[in-house]
Structure formats: C-alpha cells, structure tokens
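Next come the chains, spelled out residue by residue.
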Amino acid sequence: MAKIYPNQEPTTSSQSHDDQCVSNKRERYTVWMKSLVLHSNGCTVYDSNGNIVYRVDNYDTKGGREVNLMDLKGNVVCTINKRLLAFGCWEGHKYCNNSDSRSQEKQPWFQVKRCLTGKTACEIKVGSQNLSIERMSIGKSFSFRIVNKNGEIIAEAMQKQCSSGIVLSNDVLTLDLAAGTDHSLIMALITVYGLICRKM
C-alpha cells in the first residue's frame, strides 16, 4: 500500500514539535480527511517524515458543534465551537500554559464566518489579522487556499499525487505552508473548513 505522506527529504531539528508552531521555511504536510478512530469522523495530519503531528476525532455526527484539534500526544491544541443562533460562524479557542501553574488557560483565538457566494468560502479574523479561505475548483477534490488581506497565499491544499504519478483519493491532500506561518492555526482552520464542508 502506498504511503500517503509527502515524498521529500526529512527535516531535522533539535527543537520539539511544541516549539515549531512557526517555521522560518516553507513546509509540506499531508492531510488525510479521515479519523484514526473506527466509526468516527475527523482528520489526520502527517509531516514530511510520515509522523502524525495533528489529529481531529469527532465522535458526534458530521459537522458537530464542538471538536478538538489535538497533537500526537492527545493534548488539546484548540477547541472549535459553532456559535449558537449564528449561521456558519465558528470560534476557535487555544490552550496556553499558565505561567503560575501547570494548568492551561483557554483563550479566544479566531473567528470564522462562512460565505455563500463567490470563490471566498470563509472570512477569518485572528486578532487584528484578516484571512480568507478560497475554494479551488479542481474536480471533486477538497482543494482550497488560505490567503491574507493582500492576497498572498499562506497555505494551499490540493489533492495529493504520488511521485509515481498516481493521484490519491480526493480526501488525501498535500498541504503547503509558507514560511512564518503558524502551523497550529492553519490546522485549526482546516478543521473548521472540514466541518463546514461536512468532511468531519
């Protein structure tokens, strides 16, 4: 069975994964819109070495009102909630270590609003930063890009193609991230987009 993670030279670093939320170079991941848990919805993200770095397991029905983005160890990185009484609005809260204790604090992080027309699928607010998710019409593939307010691409996901030329199923994506991009934020936004499109 073919591997689904990127075919490229492994990256090496002495830092732990927790210290690598933002990289100073362009990176590539593989996103499989499938949960590792049997009979569950979600997605799994692999790095260039084939290691699982993020996962989402949604035990409820697809498009549930709350899901958690986790790292490989099962630590919750972000909780995503659908706002009640608001159509197509999602809020993300991240967990930060409390400097005064070993506990973690849940802090507001981003808001996503669904767009129903045009190529823009979602508008995103992260603090004072404005981003958007744009649909990419490539067959039935779950392809999209995330751009900043200047139209610069900071992340792009397209249906994965192996080095042999074989195109994998439309729920296996190659994700390219621009240098200086917060990986955990992008993974959280992919989770929201997956929920909106009922992929999870």
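No experiment lies behind these values; they were computed from the predicted model shown.

Asker: Sorry if this is basic, but what is going on with the pairing of strand β5 (residues 76-82) here?
Answerer: Across a regular strand the side chains alternate sides, sitting on one face of the sheet and then on the other. Counting buried residues along β5, five of its seven residues qualify, which places the element largely inside the surrounding structure. Bridge analysis of strand β4 (residues 66-71) against β5 gives five bridges, and the strand direction is antiparallel. Within the sheet, the bridge partner assigned to Met 70 lies in β5 and is Val 76. Where β4 folds back onto β5 in an antiparallel hairpin, the turn is made up of four residues, including Gly 74, whose phi is positive at roughly 90 degrees.

Asker: What am I meant to see in the packing of aromatic side chains here?
Answerer: Geometrically, a pair of aromatic rings is defined through the distance of the ring centres and the angle of the planes. Within the structure shown, the criterion is met by two aromatic pairs. Look at Phe 144 and Tyr 193: their rings are 5.0 Å apart centre to centre, the planes differ by 70 degrees, and that puts the pair in the edge-to-face class. Of the two residues, Phe 144 is situated in strand β10 (residues 144-148) and Tyr 193 in helix α1 (residues 183-196); the sequence distance between them amounts to 49 residues. Taken individually, Phe 144 and Tyr 193 each receive the classification buried, so the pair is uniform in this respect.

Asker: Please clarify how the environment of Lys 73 should be interpreted in this entry.
Answerer: Structurally, the position occupied by Lys 73 is in the loop between β4 and β5. For Lys 73, a relative accessible area of 71% gives the class exposed. In sequence terms Lys 73 and Tyr 54 are 19 residues apart; their C-alpha atoms lie 9.1 Å from each other.

Asker: Help me out: how do you make sense of the nonpolar core in this one?
Answerer: Note on soluble globular proteins: their nonpolar side chains tend to be buried together. Of all hydrophobic cores here, the largest spans 43 residues; its most connected members are Ile 80, Phe 110, Val 112, Phe 144, Ile 146, Leu 175 and Met 187. With 10 residues, the single largest contributor to this core is α1. Leave out the neighbours within four places in its chain, and Ile 146 touches Leu 131, Ser 132, Ile 133, Glu 152, Ile 153, Ile 154, Ala 155, Ile 186 and Leu 189.

Rules and cut-offs
Residues numbered from 1 in each chain as written. Predicted model: local features only at pLDDT ≥ 70, side-chain atom pairs only at ≥ 80, totals over all residues. Heavy atoms only, no water. Buried < 20%, exposed > 50% of the residue type's maximum accessible area, 1.4 Å probe, protein only. Helix = DSSP H or I, 4+ residues; strand = E, 2+ residues; numbered from the N terminus. Pairing = 2+ DSSP bridges. Phe/Tyr/Trp six-rings, centres within 6.5 Å; stacked < 30°, edge-to-face > 60°. Core = buried A, V, L, I, M, F, W, Y, C linked by side-chain atoms within 4.5 Å. Contact = heavy atoms within 4.5 Å.

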